[in-house]
Amino acid sequence: MDFALLLVLAALITGGIWLVDVLFFAPRRQGAAVAAGDGRPASLPAKEPVIVEYARSFFPVIVIVLLLRSFLAEPFRIPSGSMMPTLLVGDFILVNKFSYGIRLPVLNTKVIGVGEPQRGDVIVFRYPEDPRVDYIKRVVAVPGDHVAYQDKVLYVNGEEVGQQPLSTYIGSGAGAVMTGASLREERLREPPHQILVRSGAASLDQEWQIPAGEYFVMGDNRDNSKDSRYWGTVPEDHLVGKAFLIWMNWDPANGGIAWGRIGNAIE
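Residues numbered from 1 in each chain as written. Predicted model: local features only at pLDDT ≥ 70, side-chain atom pairs only at ≥ 80, totals over all residues. Heavy atoms only, no water.

K.L.:
Can you explain the pairing of strand 1 (residues 73-77)? Please cite residues and give values.
P.N.:
Only one face of strand 1 is buried, namely the one carrying Glu74 and Phe76, since none of Ala73, Pro75 and Arg77 on the opposite face is buried. Relative to strand 2 (residues 91-96), strand 1 is paired through 5 bridges, and the arrangement is antiparallel. Bridge assignment links Glu74 to a residue of strand 2, and that residue is Val95. (Buried < 20%, exposed > 50% of the residue type's maximum accessible area, 1.4 Å probe, protein only. Helix = DSSP H or I, 4+ residues; strand = E, 2+ residues; numbered from the N terminus. Pairing = 2+ DSSP bridges.)

Next up, the structure:
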C-alpha cells in the first residue's frame, strides 16, 4: 500500500469537495434559504451537507499529515533483524526526509538538493529490485569508492575499516536467535557502531567499484542481511531519508514495550 498516494488522493478528494461546494453549491443553498424565508439571517450560511462538513474538517488534517510525512519525518517499523544490534525487531523509527533533498510525494522527484549520504549513515531507501518495498541499511561506500569484503572485514579504498571485538552477543525476544554471535565495534566514522558476525557463516568475499550516483549498503547483522553484496547498489533517486530516532519498540516475544529503547538516537 502506497500511503503517500492515499494521502494525496484523500487531500485532492476532500479539498475538491470543499472547493466545489464553496464556489457553486453554498451560494445556491444560501440563496434558496433566503428566498424561502426560513427565518435564517442572510449573514449566516445555510446548513451544508454532511459530506461537505466532513471534507472541510478532514482536508486540513490530511494536508498537514502529508506535508509532515513527505518533507520532515516519516515513521517506519523494523520487521527483521538485519540491522541488529543497532536496530531490533519491533523498533519504530523516525526518518529525516530532508537530509538528502526535498522530494515530491508519490513521484519521488528531488526538487531541492540538501545533502548526500555519508559513510556510516543509516538510511531508508526503496529496494532496487522492488521499489514498492522500503529497506533500511547502513551506507558503507559512496560514489567513486572501491569497497571490498574479505574474511568479514570491510576495506574502503584500500584501507581496512577497523573492527574491535567486544563480547559474545546475548539477544532477547525476536533477537534471541542471534545469541552467540560475535559483537564487534566497527569504525566507518566517529562515533563507531556495533555489528554482529557469526563465526561459522560464509564471508561472501568480493570487491565492488561504486558508480556515480550509487551507494553501497550493508546490514549491521552482517551474516543475516540481504544487502548490496547480493543485489547491488542503491541509486540516488531511491533514497527516502536518514534514520535518526527510535520512538517506540514493541516486541511481543520480549514482553511488549522495551522502555529503555524509546528516544534512543540511531548512530
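K.L.:
Any chance you could break down the layout of surface pockets for me, citing the residues and the numbers?
P.N.:
The gaps left among the atoms become clear once a water-sized probe is rolled over them. Of the pockets and cavities examined, the largest pocket occupies roughly 590 Å³. Lining the largest pocket are 20 residues, and of these Asp2, Ala4, Arg69, Glu74 and Asp134 sit closest to its centre. Counting only elements with at least two residues in the lining of the largest pocket, the list comes to helix 1 (3-36), helix 2 (50-71), strand 1 and strand 16 (239-251). Its residues assigned to classes, the lining of the largest pocket comprises 10 nonpolar, 2 polar and 8 charged. (1 Å grid on protein atoms, 1.4 Å probe; cavity = no way out; pocket = protein on both sides within 12 Å on 5 of 7 lines; lining within 4 Å. Points joined across faces, edges and corners; volume = space filled by probe spheres on them. Nonpolar A, V, L, I, M, F, W, Y, C, P; charged D, E, K, R; others polar.)

K.L.:
So, the sheet that holds strand 7 (residues 146-150): which residues are in play, and what are the values?
P.N.:
Strand order in the open sheet made by the 4 strands is 9-8-7-13, with antiparallel pairing throughout. In this open sheet, the two edge strands, each paired with only one partner strand, are strand 9 (159-160) and strand 13 (206-209). Both strand 8 (residues 153-156) and strand 9 contribute to a ladder of 2 bridges, which runs antiparallel. Among the inter-strand pairings, Tyr155 is bridged to a residue of strand 9, identified as Glu160.

K.L.:
An account of helix 2 is needed here, citing residue identities and associated values.
P.N.:
Helix length check: helix 2, at 22 residues, gives a terminal C-alpha distance of 32 Å against a target of 32 Å (1.5 Å per residue), a fit within 8%. At Phe58, helix 2 shows its largest kink, close to 30 degrees, and the proline Pro60 lies no more than four residues downstream. All buried positions along helix 2 are accounted for by Val52, Ala55, Ile62, Leu66, Arg69 and Ser70. (Expected span 1.5 Å × (residues − 1). Bend = angle between axes of the 7 residues up to and from the residue.)

K.L.:
Run through the packing of aromatic side chains, naming residues and quoting values.
P.N.:
According to the stated counting rule, one finds 9 aromatic pairs in the structure shown. Ring centres of Tyr127 and Trp231 lie 5.5 Å apart, and the angle between their planes is 75 degrees; on these two criteria the pair is classed as edge-to-face. Taken as a pair, Tyr127 in the loop between strand 5 (122-126) and strand 6 (134-141) and Trp231 in helix 3 (residues 228-231) lie far apart in primary sequence, 104 residues in all. Both residues of the pair, Tyr127 and Trp231, belong to the buried class. Each residue in the set Phe125, Tyr127, Tyr135 and Trp231 is aromatic and connected to the rest through ring pairs, giving one cluster. The ring of Tyr149 carries Arg229 above its face, with NZ or CZ at 5.2 Å from the centroid. (Phe/Tyr/Trp six-rings, centres within 6.5 Å; stacked < 30°, edge-to-face > 60°. Lys NZ or Arg CZ within 6 Å of the ring centre and 35° of its normal.)

K.L.:
Describe the nonpolar core, listing the residues and the values that go with them.
P.N.:
In this structure, Leu87, Ile93, Val122, Ile136, Ala243 and Ile266 are the most contacted members of the largest nonpolar core, which totals 13 residues. Breaking this core down by element, the ones donating at least two residues are strand 2, strand 5 and strand 16. By residue number, the principal contributor to this core is strand 16, which donates 3 residues. (Core = buried A, V, L, I, M, F, W, Y, C linked by side-chain atoms within 4.5 Å.)

K.L.:
Before we move on, can you summarise the sheet that holds strand 11 (residues 182-186) with the specific residues and values?
P.N.:
Taken in spatial order, the 3 strands make up an open sheet running 10-11-12, and their pairing is antiparallel. Looking at which strands have only one partner, the edges of the open sheet turn out to be strand 10 (163-168) and strand 12 (193-197). The mean inter-strand angle of the sheet, taken between neighbouring strand axes irrespective of direction, is 35 degrees. (Axes fitted to C-alpha atoms, helices over the stretch in contact; angles between N-to-C directions.)

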